[in-house]
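Chain and residue survey
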Amino acid sequence: MTAKPAFPLPSRRGVIAAGAVGAVALAAPFVLRRRALAAEPLRLSWNAGAVCFSAVPLAFKLDLFRKHGLEVDLINFTGSTDQLLEAIATAKADAGVGMALRWLKPLEQGFDVKISAGLHGGCMRLIGSRAAGVNTVLDLPGKTIGVSDMASPSKNFFSIVLSKFGIDPAKDVEWRQYPADLLGLAVEKGEIQALADGDPLVWRHTQDPNLVEITNNVCGEYSTRTCCLVGVRGSLLRDNRPAAKALTAALIEAQHAAYADPRAAAAAYAPFAPKFPAEDLEAMLRSHAHNVTPVGDALRQQLALYTDELKSVSVIKRGTDSQRFAGRITVDLV
């Protein structure tokens, strides 16, 4: 008898291409016919390369979407953030999960997408070269920091951190772009003296004795700040608000399950990160804050804070009213 898989394999409609699709995500659609909140499966977009979204496959493994009366198909979206938000706004996807410091700038442009919840805190790290004498944030002036994307959440976040230490992120340091898997080599060659990126790729650098983790986005005032969000298309909210509410609730429940059992979350995510041992994935998840799931006023306050901080580093327009903006882009579902 053939062994039953840990959780269902994807159906033909469970694999959908959107934007620039990388490795196909494992989708496990469930149908609860008598309690289904939508006639068709909801399409949830995620980036399978980000371990911080491990709660998404965990939700399938724990049947949480089915519990909330939903059938869900996954879209592994590896295109640009603008493309992802456009895909949601134009109903190519019904909802998506992404990073606050990646989404806020495009949302300023007016996409028909609303943020319904924060998902977790943590997953970005700033790493310094011991040989270059970069052991703290204050060692960074005059140095070059490598990033995988000049508009990445990591660049935005650590620019904010630098500014809070009185360091001008535009003038006092240089930012240089490399493919993520070449950042370590760039440090070895002396081309950069620090690097900033997200888990799981940045994790390997925390294990290098020649490097030091200077800071991350789950320490100090950011220990209870969400870094990733649930975005829902506006037309879904207007046409089927109960389905949007159920999807948000299922994702929040999955996050709490990941916090309670990081080992189970790592096991659910492991097929998407075959280069990383399960114990490393578990360690990454334990270092995050998967119990940080703000909604309502708490979510709006956190997004307003991010907006103010992004204004301080010239990412968001200085004339933007942070409180009004946070109110415009969020929706209360939980």
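You'll find the protein entered in an unreviewed UniProt entry as Alkanesulfonate ABC transporter,substrate binding protein, with Azospirillum baldaniorum given as the organism.

Section: the sheet that holds strand β5 (residues 124–129)
Sheet strands pair via backbone hydrogen bonds, and the direction of the pair is either parallel or antiparallel. Taking strand neighbours across the sheet as the criterion, the 5 strands line up as β7-β6-β8-β5-β9 in an open arrangement whose pairing is mixed. The open sheet terminates on both sides in strands that have one partner only, identified here as β7 (174–177) and β9 (211–216). Within the sheet, the average angular offset between the axes of one strand and its neighbour, ignoring direction, is 30°. Where strand β6 (residues 144–147) and strand β8 (residues 194–198) come together, 2 bridges link them in parallel fashion. When the bridges of β8 are listed, G146 appears paired with L195. Strands β5, β6, β7, β8 and β9 of the sheet are contacted by helix α5 (residues 153–164), whose axis makes an angle of about 70° with β5.

What about the side chain of E309?
Tracing the chain through its elements places E309 in helix α12 (residues 296–312). Excluding anything up to four places from it in sequence, E309 contacts I160, K164, E221, Y222 and R225.

Details of the packing of aromatic side chains
A complete count under the given rule lists 5 aromatic pairs for this structure. With centroids separated by 4.8 Å and ring planes inclined at 80°, the aromatic side chains of F157 and Y222 adopt a geometry described as edge-to-face. In this pair, F157 is assigned in helix α5 and Y222 in the loop between β9 and β10 (228–233), connecting sequence segments 65 residues apart. Its relative accessible area of 1% is what places F157 among the buried residues. Residue Y222 is classed as buried on the basis of its relative accessible area of 5%. Grouping aromatic residues by their ring pairs yields a cluster made of W46, Y269 and F272. The aromatic ring of Y306 is capped on one face by R225, whose charged end is 4.5 Å from the ring centroid.

Cut-offs and rules
Residues numbered from 1 in each chain as written. Predicted model: local features only at pLDDT ≥ 70, side-chain atom pairs only at ≥ 80, totals over all residues. Heavy atoms only, no water. Pairing = 2+ DSSP bridges. Helix = DSSP H or I, 4+ residues; strand = E, 2+ residues; numbered from the N terminus. Axes fitted to C-alpha atoms, helices over the stretch in contact; angles between N-to-C directions. Contact = heavy atoms within 4.5 Å. Phe/Tyr/Trp six-rings, centres within 6.5 Å; stacked < 30°, edge-to-face > 60°. Buried < 20%, exposed > 50% of the residue type's maximum accessible area, 1.4 Å probe, protein only. Lys NZ or Arg CZ within 6 Å of the ring centre and 35° of its normal.

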